[in-house]
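Descriptive structure summary
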Amino acid sequence: MGETGRAALIVPEGNRVTPVKVLVIGGGAREHALCRSLSLDPDVTALHCAPGNAGIGEVAEVHPVDALDGAAVADLAGALGADLVVVGPEAPLVAGVADAVRSRGIPVFGPSAEAARLEGSKAFAKSVMASANVPTARSYVCTTPAEIDAALDAFGAPYVVKDDGLAAGKGVVVTDDLAAAREHALACDRVVIEEFLDGPEVSLFAVTDGETVVPLQPAQDFKRALDGDEGPNTGGMGAYSPLPWADPELVDEVLRTVLQPTVDELRRRGTPFSGLLYAGLAITSRGVRVIEFNARFGDPETQVVLARLKTPLAGLLHASATGTLAALPPLRWDEGAAVTVVVAAHNYPGTPRTGDAIEGLAEADAVEGAYVLHAGTERDAQSGAVVGAGGRVLSVTATGADLGRARERAYEAVSRIRMDGSQYRTDIAAKAAG
């Protein structure tokens, strides 16, 4: 990867696509990472994002839209003459936004609402995994206090309690406290209680067109708010890639035992899945087990995975949307490393404070190999200053020859950013970097 981390995309022979206008739906750091990679792709002739954020506006033309309104998104795509729509977040996918755009004849990267139930309902995901013989944790789906108590008693501590529906990465409680586990379960309309899986966790993304499955490089994220994996669960406080401690055969094994069987089962059910299939995995003493599936790029793992991808992104996403993945040459990857550190607002993951001014962004971007991806930001209407507008505010990302170098650069960039009350973990990738 180039030392600046800004012009690392290579166009392999045979991976060129017809020049495309792309519309990305969403406004977080994941979408900024997607837009950044797409902006560096020579085949992208116009790049739009809706609703976007303060950082995305620097690489794409942003448009106001309700991301959950399929008709409005489809209208915007049509008005822009988009050749490809990329739906970033899970909520629009579960709401059927991809279906609405697809019905207008516009290629979409993202699954149908039916297929997105793989993330939208953990009970549905468990059913698919059972049918496909995908290894996962034993579990119970509970809807009554009696069922909840029986399931908690059956598995014992540590208790793993998951809201069946979407919860922005914060619907899972893992605790030794029976009362806390029961309280979380009772607050959910429908809950999945499952056995605790030991071992490190891995995130593995795969791009699929419903038949062919192309795995990306694995990453690891950090869910807990505080150093040492302490504190409450969050949407993710940082990530790194590659994983020097992982089995070199891991990706092939997961493709064979998890990803391809899941895609095949969904197609067999008449709900083919095209888009990004994200497997959250536990590498347990008994082998690989699926913790959960997501139906879109994960945040913050996307930031580090795309930082290492050399293959132009538009061609890959367009092939998924048009059913032509099998014709693509193998993906190309940078051999170096990437680390991202999330800068969060005061009181995140509770009720975060918004409106705090963010300073030092240009200084952070000036760090060699580093760049800042915006998550929850906006421009103040009066001053024009960039201010915090969400819980996770920035993803400070850096590349380097190895994890140690990438990590140094990421934290050097973080140190140059000033936002009142901001917080971040200081141990992202520390163990892996040695």
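The rules behind the values
Throughout, a residue's number is its position along its own chain's written sequence, starting from 1. Whole-chain, interface and lining totals are the exception, using all residues; otherwise, since this is a predicted model, local features are given only for residues with pLDDT of at least 70 and side-chain atom pairs are given and counted only at 80 or more. With hydrogens and water excluded, all non-hydrogen atoms of the structure serve as input to the side-chain values. The term nonpolar core refers to a set of buried residues drawn from Ala, Val, Leu, Ile, Met, Phe, Trp, Tyr and Cys, joined through side-chain atoms within 4.5 Å. A simple rule labels every residue: compare its accessible area, found with a 1.4 Å probe on the protein chains alone, to the largest value its type can have, and call it buried under 20%, exposed over 50%, or partly exposed in between. Each helix is a run of DSSP H or I of at least 4 residues and each strand a run of E of at least 2, with the numbering of both proceeding from the N terminus. The contact criterion used is simple: two residues touch if any of their non-hydrogen atoms lie within 4.5 Å. A fitted line through C-alpha atoms represents every axis, and for helices the fit uses only the stretch in contact; the resulting angles, taken between N-to-C directions, go from 0 to 180 degrees. Small angles under 35 degrees read as roughly parallel and large ones over 145 as roughly antiparallel, with 65 to 115 read as roughly perpendicular and the rest as oblique. By the definition used in this description, the sense in which the near helix is turned from the far one sets the handedness, with an anticlockwise turn below a right angle giving left-handed and a clockwise turn giving right-handed. Here the term charged refers only to Asp, Glu, Lys and Arg, the term nonpolar to Ala, Val, Leu, Ile, Met, Phe, Trp, Tyr, Cys and Pro, and the term polar to all other amino acids, Gly among them. Pairing between strands is defined by DSSP: at least two bridges between them are needed. Side-chain rings of Phe, Tyr and Trp, where Trp is taken by its six-membered ring, are said to pair if the distance between their centres is within 6.5 Å; with planes under 30 degrees apart they count as stacked, over 60 as edge-to-face, and otherwise as tilted. Identification of polar contacts relies on pairs of N or O atoms within 3.5 Å, with a donor-acceptor requirement for protein atoms, meaning one able to donate a hydrogen and the other able to accept it, and with residues adjacent in sequence counted only if both atoms are side-chain atoms.

**Observations regarding the nonpolar core**
Leu-23, Val-85, Leu-118, Leu-259 and Val-339 are the most contacted members of the largest nonpolar core, which has 79 residues in total. Of the residues forming this core, the biggest block, seven residues, is contributed by helix 9 (residues 250-268). Not counting chain neighbours up to four residues away, the residues in contact with Val-85 comprise Leu-23, Ile-25, Ala-77, Val-101, Ile-106, Pro-107, Val-108 and Phe-109.

**What about the packing of helix 1 (residues 29-39) against helix 10 (residues 301-308)?**
Running from amino to carboxyl end, helix 1 crosses helix 10 at an angle of 15°, the nearest separation of the two axes being 8 Å. Classified by the angle between their axes, helix 1 and helix 10 sit roughly parallel to one another. For helix 1 against helix 10, the interelement crossing comes out left-handed. Of the residues in helix 10, those touching helix 1 at Ala-29, Arg-30, Ala-33, Leu-34 and Ser-37 are Thr-302, Gln-303 and Leu-306. Residues belonging to the contact of helix 1 with helix 10 are distributed by class as follows: four nonpolar, three polar and one charged.

**Structural notes on the pairing of strand 19 (residues 370-374)**
Counting buried positions along strand 19 gives five out of five residues, so the element sits mostly inside the fold. Here strand 19 shows a buried face lined by Ala-370, Val-372 and His-374 and a second buried face lined by Tyr-371 and Leu-373. Where strand 19 and strand 22 (residues 392-400) come together, five bridges link them in antiparallel fashion. Residue Leu-373 lies in a different strand from strand 22, and its bridge partner there is Ser-395.

**Let's talk about the packing of aromatic side chains**
Applying the stated criterion to the full structure yields six aromatic pairs. Ring geometry for Phe-205 versus Tyr-278: centroids 5.0 Å apart, planes at 55°, classification tilted. One end of the pair, Phe-205, is in strand 10 (residues 201-208); the other, Tyr-278, is in strand 16 (residues 275-284), with 73 residues separating them in the sequence. A relative accessible area of 1% places Phe-205 in the buried class. With centroids separated by 5.7 Å and ring planes inclined at 85°, the aromatic side chains of Phe-205 and Phe-297 adopt a geometry described as edge-to-face. Of the two residues, Phe-205 is situated in strand 10 and Phe-297 in the loop between strand 17 (287-294) and helix 10; the sequence distance between them amounts to 92 residues. Per residue, the accessibility class of Phe-205 equals that of Phe-297, and both read buried. One aromatic cluster is present, formed by Phe-109, Phe-205, Tyr-278 and Phe-297 through successive ring pairs.

**Some details on the side chain of Gln-423**
Relative to the elements of secondary structure, Gln-423 occurs in the loop between helix 13 (403-415) and helix 14 (430-433). A polar side-chain atom of Gln-423 sits 2.9 Å from the main-chain carbonyl oxygen of Tyr-348.

**Some thoughts on the environment of Arg-405**
Relative to the elements of secondary structure, Arg-405 occurs in helix 13. Residue Arg-405 is classed as partly exposed on the basis of its relative accessible area of 35%. With 36 residues separating them in the primary sequence, Arg-405 and Gly-369 have C-alpha atoms 9.5 Å apart.

**Observations regarding the pairing of strand 1 (residues 20-26)**
Of all seven residues in strand 1, six are buried, a share of seventy percent or more. Sheet topology note: the strand 1/strand 2 (residues 44-51) ladder contains seven bridges and is parallel. Bridge pairing links Ile-25 to Ala-50 in strand 2. Here four bridges tie strand 1 to strand 4 (residues 84-87), and the two strands are oriented parallel to one another. The residue bridging Val-22 from the neighbouring strand is Leu-84, located in strand 4.

**Points about the sheet that holds strand 18 (residues 337-344)**
With antiparallel pairing, the five strands of this open sheet are ordered in space as 12-15-18-22-19. Sheet topology places strand 12 (220-221) and strand 19 at the edges, where each strand pairs with a single neighbour. Each of strand 12, strand 15 (238-241), strand 18, strand 19 and strand 22 is contacted by helix 10, which is oriented at about 150° to strand 18, the strand it contacts most. Contacts from helix 13 reach strand 15, strand 18, strand 19 and strand 22, with the element oriented near 25° to strand 18.

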